[in-house]
Amino acid sequence: DAKTTQPPSMDCAEGRAANLPCNHSTISGNEYVYWYRQIHSQGPQYIIHGLKNNETNEMASLIITEDRKSSTLILPHATLRDTAVYYCIVRVFSGNTPLVFGKGTRLSVIA
Amino acid sequence: EADIYQTPRYLVIGTGKKITLECSQTMGHDKMYWYQQDPGMELHLIHYSYGVNSTEKGDLSSESTVSRIRTEHFPLTLESARPSHTSQYLCASSRGLEKLFFGSGTQLSVL
């Protein structure tokens, strides 16, 4: 699976959009981008995934660049409850190995 | 909503004791996982199972063992607990390999 690089931490004002970047410059054609988040002391929660088209669901939007070397997770109106560690994971869809979580980005939403 | 349960939520135990951490899911998922996480650190995969009577070791070496006799149940056992086993243990399940559902975790403290 391709390696990802995320900033260790970010701040966002409550009510503003939170834009979390992820670099995956070695991504291959059959690898998807997955996002999870982990709120303090809870298990991680799946957010969204995509291959090359932008994706949106009730939680967030995922924007993948045309060359697929980077992506951005967007929380359109961040709330205090969005404070969490966000993990960007790249892997082949239905590969044989379990998900591996890296260090992620610690997002702090500030009132 | 995910239906995956871990018990106990917290466990404080003395060195040398045998312990079993329970994990059950009611979603009929074939795949189940155990991750270990120290405070502020990354999640590490320690065991996984893709079906009944199938178990594999994860990326992080662990002295724990697991069993998968029933689809819905994936207990983790430490034969002789040590202070170095103090950590949070998170159980997860999935139908495919991408969208994992996590339990609330067991916080283990070995004195």
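Refer to the structure printed above.
Here is what the cut-offs are and how they apply
- Residues numbered from 1 in each chain as written.
- Chains lettered and ligands numbered in written order.
- Predicted model: local features only at pLDDT ≥ 70, side-chain atom pairs only at ≥ 80, totals over all residues.
- Heavy atoms only, no water.
- Helix = DSSP H or I, 4+ residues; strand = E, 2+ residues; numbered from the N terminus.
- Rg over C-alpha atoms; globule rule 2.2 N^0.38 Å.
- Buried < 20%, exposed > 50% of the residue type's maximum accessible area, 1.4 Å probe, protein only.
- Contact = heavy atoms within 4.5 Å.
- Lys, Arg positive; Asp, Glu negative; His and termini not counted.
- Charge placed at Lys NZ, Arg CZ, Asp CG, Glu CD.
- Buried area = accessible area lost by both parts, 1.4 Å probe.
- Salt bridge = Lys/Arg side-chain N within 4 Å of Asp/Glu carboxyl O.
- Polar contact = N/O pair within 3.5 Å; in protein donor to acceptor, adjacent residues only side chain to side chain.
- Nonpolar A, V, L, I, M, F, W, Y, C, P; charged D, E, K, R; others polar.
- Pairing = 2+ DSSP bridges.
- Core = buried A, V, L, I, M, F, W, Y, C linked by side-chain atoms within 4.5 Å.

*Asks:* I would appreciate a short explanation of the overall build of chain A in the present structure.
*Replies:* In terms of regular secondary structure, chain A is built from 0 helices and 9 strands. A compact globule built from 111 residues should have a C-alpha radius of gyration of about 13 Å, and chain A, at 13 Å, falls within 12% of that. Along the first, second and third principal axes, the C-alpha atoms of chain A reach 40 × 30 × 25 Å. Burial analysis of chain A (111 residues in total) assigns 43% to the buried set. Sequence separation of at least 24 residues holds for 58% of the intrachain contacts in chain A that already meet a minimum separation of 6. For chain A, the distance from the average site of its 10 positive side-chain charges to the average site of its 9 negative ones is 5 Å.

*Asks:* Looking at this structure, I do not really get the interface of chain A and chain B. What am I missing?
*Replies:* Bring the parts together and some accessible area is lost; that lost area is often taken as the interface size. Taken together, the contact between chain A and chain B spans 23 residues of the former and 20 residues of the latter. Here chain A packs against chain B, burying approximately 1,600 Å² in sum over the two surfaces, 54% of which is carbon and sulfur. Linking chain A with chain B are 1 salt bridge. At the junction of chain A with chain B, the criterion picks out 5 residue pairs in polar contact (both at pLDDT 80 or more). Counting only elements with at least two residues in the side of chain A that touches chain B, the list comes to strand E3 (31–38) and strand E8 (84–92) of chain A. Per-class residue counts for the side of chain A that touches chain B are 11 nonpolar, 9 polar and 3 charged.

*Asks:* In this structure, what is going on with the sheet that holds strand E7 (residues 70–75) of chain A? I would like to understand it.
*Replies:* Neighbouring strands of a sheet are bound in pairs by backbone hydrogen bonds; such pairs are parallel or else antiparallel. All names here are of chain A. With respect to topology, 4 strands assemble into an open sheet ordered E2-E7-E6-E5, the strand pairing being antiparallel. Pairing within the sheet leaves two strands with one partner each, and these edge strands are strand E2 (18–23) and strand E5 (55–56). Strand direction decides the pairing type here: E5 and strand E6 (residues 61–64), joined by 2 bridges, are antiparallel. Counterpart to Thr56 in the pairing with E6 is Ser61.

*Asks:* How should I be thinking about the side chain of Ser71 of chain A in this particular structure?
*Replies:* The residue Ser71 of chain A is located in strand E7 in this model. Apart from residues lying up to four places away in sequence, Ser71 of chain A is in contact with Leu20, Pro21, Cys22, His24, Val33, Trp35, Leu62, Ile63, Ile64 and Cys88 of chain A.

*Asks:* Please clarify how the pattern of salt bridges should be interpreted in this entry.
*Replies:* By the definition in use, this model includes 5 salt bridges over all chains. Of the charged contacts in the structure, one is a salt bridge between Lys103 of chain A and Glu42 of chain B, with a shortest N-O distance of 2.8 Å. Residue Lys103 of chain A is found in the loop between E8 and strand E9 (105–110), and its partner Glu42 of chain B is found in the loop between strand E4 (31–37) and strand E5 (43–51); the two belong to separate chains. A residue is classified by how much of its surface remains accessible, and Lys103 of chain A, at 67% relative accessible area, is exposed.

*Asks:* Before we go on, may I ask you to explain the nonpolar core in this structure?
*Replies:* If you look at soluble globular proteins, the nonpolar side chains tend to sit buried side by side. By size, the foremost hydrophobic cluster in this structure holds 21 residues, and its most contacted members are Leu20, Trp35, Leu73, Leu75, Tyr86 and Leu107 of chain A. The set of elements that each furnish at least two residues to this core consists of E2, E3, strand E4 (45–50), E6, E7, E8 and E9 of chain A. If you tally residues by element for this core, the top one is E8 of chain A, at 4 residues. In this view, Leu20 of chain A contacts Met10, Trp35, Ser71, Thr72, Leu73, Leu75, Tyr86, Thr105 and Leu107 of chain A; residues no more than four positions away in its chain are not counted. Core analysis: the next-biggest nonpolar cluster, separate from the first, contains 19 residues, Leu21, Trp34, Tyr89 and Cys91 of chain B among them.

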